[in-house]
Amino acid sequence: MMAIGSPTISMRTSTTCNTLLRELQQIWNDIGETEADKDRMLLELERECLEVYRRKVEEAANAKARLHQSLAAKEAELATLMAALGELNIHSPTQTEKKAPSLKEKLASVSPLVEDLRMKREERMKQFADIKAHIEKISGEISGYNNLNSAWMTSVSLDEHDLSVRKLNEYQTHLHTLQKEKSDRLNKVFDCVNEVHCLSGVLGLDFGQTVSNVHPSLNGGNQEQSTNISNSTLEGLEHAIIKLKSERKVRIQKLKEIVASLFELWNLMDSPKQEKSSFSRITSILGLSESEVTEPGVLSTEIIEQASAEVERLTKLKASRMKELVIKKRSELEEICRMTHIEPDTSTSVEKSSALIDSGLVDPSELLANIEVQIVKAKEEAMSRKEVMDRIDRWLAVCEEENWLEEYNQDNNKYSAGRGAHINLKRAERARVTVSKIPAMVDNLINKTIAWEHENKMLFLYDGVRLVSILDDYKLARQQKEEEKKRFKDQKKLQDLLLTEKEAMYGSKPSPRKTNSFRKPNGCRTNGNGSMTPTPRRNSVGGATPELLTPRSYSGRQNGYFKEMRRLSTAPLNFVAISKEETMSFASVGSEPGSPPQG
């Protein structure tokens, strides 16, 4: 018999078998078995031993095969789980150990790994399921639960063969993208809803009904349903906003037209401030753009109807007071023309307008519109004449100062120690400097007036008379006045020479006579402060000194102003009683540096 197993076990087994065999042979000897029977029974015993060994070998082989199969299954499952979870860094213990382990050891080392990976797979599958549920929910909200993205839903279907971290990250990335898109859509929906709310408030419309027509979930009263953020909802909101803005534009334009009519009627009817204040809400929109009109209800149909009713009421009232309005507008035109010294159009005078309205030949509205056109033209012409008119006012102010200076020079008590004498003396010094600029001012005014006439292709009329003609006459009269002063001065020198000869001849000197033959120049008027303003006529007949003609003299003659005129005496002026300072005041009337010489 061959020993199996370890040497110790084989030796012990062999010793036991030998002992039993010897005991068996002893028994057979005692029995008296023949050698043939002994050989036969030994052969049977050996055959039975072989059967036992063979059976045990078969059982061991079967157990080994089962262990191999279990190990292979575990390793296959391990490989599958590793592939599904993407765990590529795990190595099988059977491959890492240098010493070849037994099958049971291999199986014992692989089983815990498989169990761990199974648990990990279950956890991973749960993560995938949660992410998939979120993706499906958000995709449904975005698409309105009608047209889900089939491509993504196919990819979102759970694949147990790919549960790797890479795949999980792809799902999470897609979920984050959908969450961001949902957030953006929610913000856009809220912005649109807020804009609809604002527009509905301005137009006086029902906000809840407006957004409910787009989608019921947009109405704040519906708490059970989440806000719909689908494309159809966004398109519906955008369409509603466009429609509301269009309606707002129409109503603003309509209301502006109504407000313009109100302002026109208020001005015509001279409506009281209290009556206008009731429409202050709508009048404030005239200077606003469409986006700036945000006051709730300001564009409601009720407000527009109230304003329209007021326009209709004022229009009816206007028809009954048209004649009074025409006269009022004509007075306004005449006042503008008077202030700017423009001749008003006589075709719409008060007398003619009243006669035309009473006769029924002219529609009062047309007549009123004609007067309004004339007012606009008069204002435009006044604006274009402003620069020239300002120069005229400055020139007339200097003429006033010149008249005051002449009166001051004729005052015999100007050097007295009375109160205010030093103030008048300083004013006289300033007046002499100012008056010396008159010739240059007149020339500059003539040049400016001619330039205006060339630019506007019309004559510059001042109360119906051409301004250039007035200025030319003024220059001529001023030149004649200067010549007259020079002639009087020469006459005074001659009188002084005669007096000197008479004294030498008779040896006596007559006592000086007080004279006041130097009278105020002709055509001077006294204003409120005692100064004089030249208001001459074109040609002074019978006067020794010509008058100084200014625009005010023309307007005074035509409008009835300045009726009291003082003329120069025809007798020669006596300069004997005039002081040296008074004589020098005439010589101080010169021209500015660079002004044209006087002829």
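This is a predicted model, so every value here is computed, not measured.

**Re the overall build of the protein chain**
Counting secondary structure elements, the protein chain contains 19 helices and 4 strands. Taking all 599 residues of the protein chain together, 34% fall into the buried category. Counted over contacts in the protein chain with a minimum sequence separation of 6, partners at least 24 positions apart contribute 74%. Accessible surface for the protein chain amounts to roughly 36,600 Å². Of this, 54% is attributable to carbon and sulfur atoms.

**Section: the nonpolar core**
Within the largest apolar cluster, 53 residues are counted, with the highest numbers of intra-cluster contacts made by Val 189, Leu 237, Leu 255, Leu 262, Ile 282 and Leu 299. Those residues in contact with Val 189, other than ones at most four positions away along the chain, are Leu 218, Thr 227, Asn 228, Ile 229, Leu 234 and Leu 237. In terms of nonpolar packing, the next biggest core, distinct from the first, is built from 26 residues, Val 388, Ile 392, Leu 405 and Trp 452 among them.

**Here we look at the packing of aromatic side chains**
Applying the stated criterion across every chain yields a total of 6 aromatic pairs. An angle of 75° between the planes, with centres 5.1 Å apart, marks the rings of Phe 128 and Tyr 171 as edge-to-face. Within this pair, whereas Phe 128 is found in helix H4 (residues 103–143), its partner Tyr 171 is found in helix H6 (residues 165–203), the two being separated by 43 residues in sequence. Overall, Tyr 171 belongs to the buried group, its relative accessible area being 4%. Here the aromatic rings of Trp 266 and Phe 279 are separated by 6.3 Å at their centres, their planes lie at 50°, and the arrangement is tilted. Of this pair, Trp 266 sits in helix H8 (residues 231–269) while Phe 279 is found in the loop between helix H9 (273–277) and helix H10 (280–283), placing the two residues 13 residues apart along the sequence.

**Examining the packing of helix H12 (residues 322–340) against helix H13 (residues 350–359)**
The geometry of H12 relative to H13 is characterised by a closest axis approach of 10 Å and an angle of 160° between their N-to-C directions. Here H13 runs roughly antiparallel to H12, going by the angle between their axes. Here the hand of the crossing between H12 and H13 comes out right-handed. Seen from H12, the contacting residues are Lys 323, Val 326, Ile 327, Arg 330 and Glu 334; seen from H13, they are Val 350, Ser 353, Ser 354, Ile 357 and Asp 358. A per-class count over the contact of H12 with H13 returns 4 nonpolar, 2 polar and 4 charged.

**Topic: a nonpolar patch on the surface**
A cluster of nonpolar side chains, namely Leu 494, Leu 497 and Leu 498, defines an oily patch on the protein surface of about 290 Å² accessible area. Tracing the sequence through the fold places Leu 497 in helix H17 (residues 467–506).

**Let's talk about unusual backbone geometry**
Positive phi is not limited to glycine here, since His 341 has a value of about 55°. Note on placement: His 341 falls in the loop between H12 and H13. A relative accessible area of 18% places His 341 in the buried class. Even without being glycine, Asp 463 reaches a positive phi, approximately 55°. With relative accessibility at 7%, the residue Asp 463 sits in the buried group.

**So, the environment of Gly 464**
Within the fold, Gly 464 resides in the loop between strand S1 (461–462) and strand S2 (465–466). You can call Gly 464 partly exposed: its relative accessible area is 40%.

**Let's talk about the side chain of Glu 401**
Here Glu 401 is to be found in helix H14 (residues 364–409). Other than its neighbours up to four places away in sequence, Glu 401 contacts Arg 427, Ala 431 and Val 435.

**What about helix H11 (residues 301–320)?**
Because an α-helix packs 3.6 residues into every turn, residues spaced three or four apart end up facing the same way. Counted at 1.5 Å a residue, the expected span for H11 with its 20 residues is 28 Å, and the 29 Å between its end C-alpha atoms agrees. In this structure, the buried residues of H11 make contact with H8, H9, H10, H12 and H14.

**What about the pattern of salt bridges?**
Within the structure shown, the criterion is met by 35 salt bridges. The residue Arg 427 makes a salt bridge to Glu 401 at a minimum N-O spacing of 3.0 Å. Note that Arg 427 is positioned in helix H15 (residues 421–435) and Glu 401 in helix H14, a separation of 26 residues in sequence. We classify Arg 427 as partly exposed; its relative accessible area is 23%.

**Describing the environment of Cys 337**
Here Cys 337 shows up in helix H12. Along the chain, Cys 337 and Lys 379 lie 42 residues apart, while their C-alpha atoms are 8.6 Å from each other. Once residues within four sequence positions are removed from consideration, Cys 337 is found in contact with Ile 342, Pro 344 and Ala 378.

**Some remarks on helix H2 (residues 35–85)**
Here H2 spans 73 Å end to end across 51 residues, near enough to the 75 Å set by a 1.5 Å rise per residue. Phi turns positive, to about 70°, at Gly 86, one or two residues after H2.

**Points about the confidence of the model for the protein chain**
Looking at the protein chain, the pLDDT average stands at 76 and 76% of residues meet or exceed 70. At the level of individual helices and strands, the protein chain shows its lowest average pLDDT in helix H19 (residues 580–587), which scores 37, and its highest in helix H16 (residues 438–456), which scores 91. Counting contacts from residues 148–152, a segment whose pLDDT is below 50, to residues more than four positions away or on other chains yields 5 contacts. Across residues 556–599 the pLDDT falls below 50, and counting only partners more than four positions away or on other chains, this stretch makes 97 contacts in the model.

**Side note on the environment of Met 125**
With respect to the secondary-structure elements, Met 125 resides in helix H4. Residues Met 125 and Leu 163 lie 38 residues apart in sequence; the distance between their C-alpha atoms is 7.0 Å.

Scoring rules and cut-offs
Residues numbered from 1 in each chain as written. Predicted model: local features only at pLDDT ≥ 70, side-chain atom pairs only at ≥ 80, totals over all residues. Heavy atoms only, no water. Helix = DSSP H or I, 4+ residues; strand = E, 2+ residues; numbered from the N terminus. Buried < 20%, exposed > 50% of the residue type's maximum accessible area, 1.4 Å probe, protein only. Contact = heavy atoms within 4.5 Å. Areas by Shrake-Rupley, 256 points an atom, 1.4 Å probe, with all protein chains shown as cover. Core = buried A, V, L, I, M, F, W, Y, C linked by side-chain atoms within 4.5 Å. Phe/Tyr/Trp six-rings, centres within 6.5 Å; stacked < 30°, edge-to-face > 60°. Axes fitted to C-alpha atoms, helices over the stretch in contact; angles between N-to-C directions. Parallel < 35°, antiparallel > 145°, perpendicular 65-115°, else oblique. Left-handed = near helix turned anticlockwise from the far one by under 90°. Nonpolar A, V, L, I, M, F, W, Y, C, P; charged D, E, K, R; others polar. Patch = residues over 30% accessible without salt bridge, like charges linked within 9 Å, V, L, I, M, F, W, Y side chains within 5 Å. Salt bridge = Lys/Arg side-chain N within 4 Å of Asp/Glu carboxyl O. Expected span 1.5 Å × (residues − 1). pLDDT = per-residue confidence, 0-100.

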